[in-house]
Amino acid sequence: MKIDSVKFIKGIRGTDPILNDTKPQFAFVGRSNVGKSSVINALLNRKGMAKSSSTPGKTKEINFFLVNENFYFVDLPGYGYARVSNKDKEQLVKMILWYLLESGASPRLVFLIIDANVGLTKKDEEMIRALTEGAMPFVVIGNKIDKINKSIRAREIKKLKDACGGAEFVPFSAKEKSGVSDVLQKLSS
Ligand code: GDP
C-alpha cells in the first residue's frame, strides 16, 4: 500500500453525513501521549498531519483524513489526558464509544494504540473490552517499541501479545518508523 495523497476533510463532534460515507474508515484510538498522532503521521509519511494531544484544543474532535481519495483515517480523541478535567475525560470517552458503537459509522478496522514500554493500562483494558463487546474488528499497535532494550524486546512483545488476549498485536515505533508496512498491509487485506 502506497500513500499517494492525504487530505484533512473535517473534524466532527457529533452526527454528520461523513459517518455514513461509503468509503471505508480505519479508526485510531489510544490513550493521550501514546504517540497516536506520531503513529498516524508515520503511516501517512506526513509530518504534522495528525495533531498531538499536547496541542491545546486540537484533539477534542473526531478528525477525518481522506487517503488516496479512497478511504478515511479517523483520528479519535485520546483518552485519559491528565490535564483535562474528569468531566471532559468522560466526555471524550463517550465520544469515542459513540463513534465506535452507536454512530452508524462501522469502521472497517480499529487500531488501538498502546505504549509498548508502559504496557496495557486499565484504560486500555477497558477499551479492549468495549471493542470486544461491540464485536469491532481491531488490531493493537504497540508503539514506542524502540524504548524497550533489544535484549528483552522479544520477551516483552510476547508478554504484550498475551495480554491482548485474542487480538492481533503489531510492534511499532513511530520514531524509528518500524512496523509501518505491517500496519499498511492491514488496510488492503
Ligand atoms: P499523542 O498525544 O498520542 O498523539 O502522542 P504524540 O504523537 O504527540 O507523542 C507523544 C510523545 O511521545 C512525544 O514526545 C513523541 O515524540 C513521543 N513518541 C511518539 N512515538 C514515539 C516512538 O515510537 N518512540 C519514542 N521513543 N517516542 C515516541
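Preceding this paragraph is the structure being described.
Residues numbered from 1 in each chain as written. Predicted model: local features only at pLDDT ≥ 70, side-chain atom pairs only at ≥ 80, totals over all residues. Heavy atoms only, no water.

As for the sheet that holds strand 4 (residues 71-75)
Working step 1: Ordered in space as 1-3-4-2-5-6-7, the seven strands form an open sheet in which the pairing is mixed. At either end of the open sheet lies a strand with only one pairing partner, and these are strand 1 (6-12) and strand 7 (168-171). Neighbour to neighbour, the strand axes of the sheet diverge by 25 degrees on average, direction disregarded.
Working step 2: Relative to strand 4, strand 3 (residues 62-67) runs antiparallel, the two sharing five bridges. Paired with Val 67 across the strands is Phe 71, a residue of strand 4. (Pairing = 2+ DSSP bridges. Helix = DSSP H or I, 4+ residues; strand = E, 2+ residues; numbered from the N terminus. Axes fitted to C-alpha atoms, helices over the stretch in contact; angles between N-to-C directions.)

Regarding helix 2 (residues 86-102)
Working step 1: In this model, helix 2 (17 residues) spans 23 Å end to end at C-alpha, consistent with the 24 Å of a helix rising 1.5 Å per residue.
Working step 2: Looking at helix 2, one finds that the buried residues are Leu 92, Met 95, Ile 96, Trp 98, Tyr 99 and Leu 100.
Working step 3: Residues of helix 2 that are buried make contact with strand 1, strand 2 (25-30), strand 3, strand 4, strand 5 (109-115) and helix 3 (122-133). (Expected span 1.5 Å × (residues − 1). Buried < 20%, exposed > 50% of the residue type's maximum accessible area, 1.4 Å probe, protein only. Contact = heavy atoms within 4.5 Å.)

What about the packing of aromatic side chains?
Working step 1: Within the structure shown, the criterion is met by six aromatic pairs.
Working step 2: With 5.5 Å between their ring centres and 85 degrees between their planes, Phe 26 and Phe 71 make a pair best called edge-to-face. Here Phe 26, found in strand 2, pairs with Phe 71, found in strand 4; they are 45 residues apart in sequence, far enough to count as distant.
Working step 3: The exposure class of Phe 71 is buried, given its relative accessible area of 4%.
Working step 4: Through pairs of rings, three or more aromatic residues link up here, namely Phe 26, Phe 28, Phe 71, Phe 73 and Phe 111. (Phe/Tyr/Trp six-rings, centres within 6.5 Å; stacked < 30°, edge-to-face > 60°.)

Overview of the environment of Arg 46
Working step 1: With respect to the secondary-structure elements, Arg 46 resides in the loop between helix 1 (36-44) and strand 3.
Working step 2: Sequence separation between Arg 46 and Ala 105 is 59 residues; the distance between their C-alpha atoms is 25 Å.
Working step 3: Residues contacting Arg 46, with those up to four places away along its chain left out, are Ile 3, Asp 4, Ser 5, Val 6 and Asn 41.

What to know about the pattern of salt bridges
Working step 1: Considering all chains together, one arrives at 11 salt bridges under this definition.
Working step 2: Lys 144 is paired through a salt bridge with Asp 115; the nearest N and O atoms lie 3.8 Å apart. Residue Lys 144 is located in the loop between strand 6 (138-143) and helix 4 (150-163), and its partner Asp 115 is located in strand 5; the two are separated by 29 residues in the primary sequence.
Working step 3: Given the relative accessible area of 7%, Asp 115 is considered buried.
Working step 4: Lys 158 is the salt-bridge partner of Asp 162, the closest N and O atoms lying 2.9 Å from each other. You can see Asp 162 and its partner Lys 158 sitting in helix 4, four residues apart, about one turn around the helix. (Salt bridge = Lys/Arg side-chain N within 4 Å of Asp/Glu carboxyl O.)

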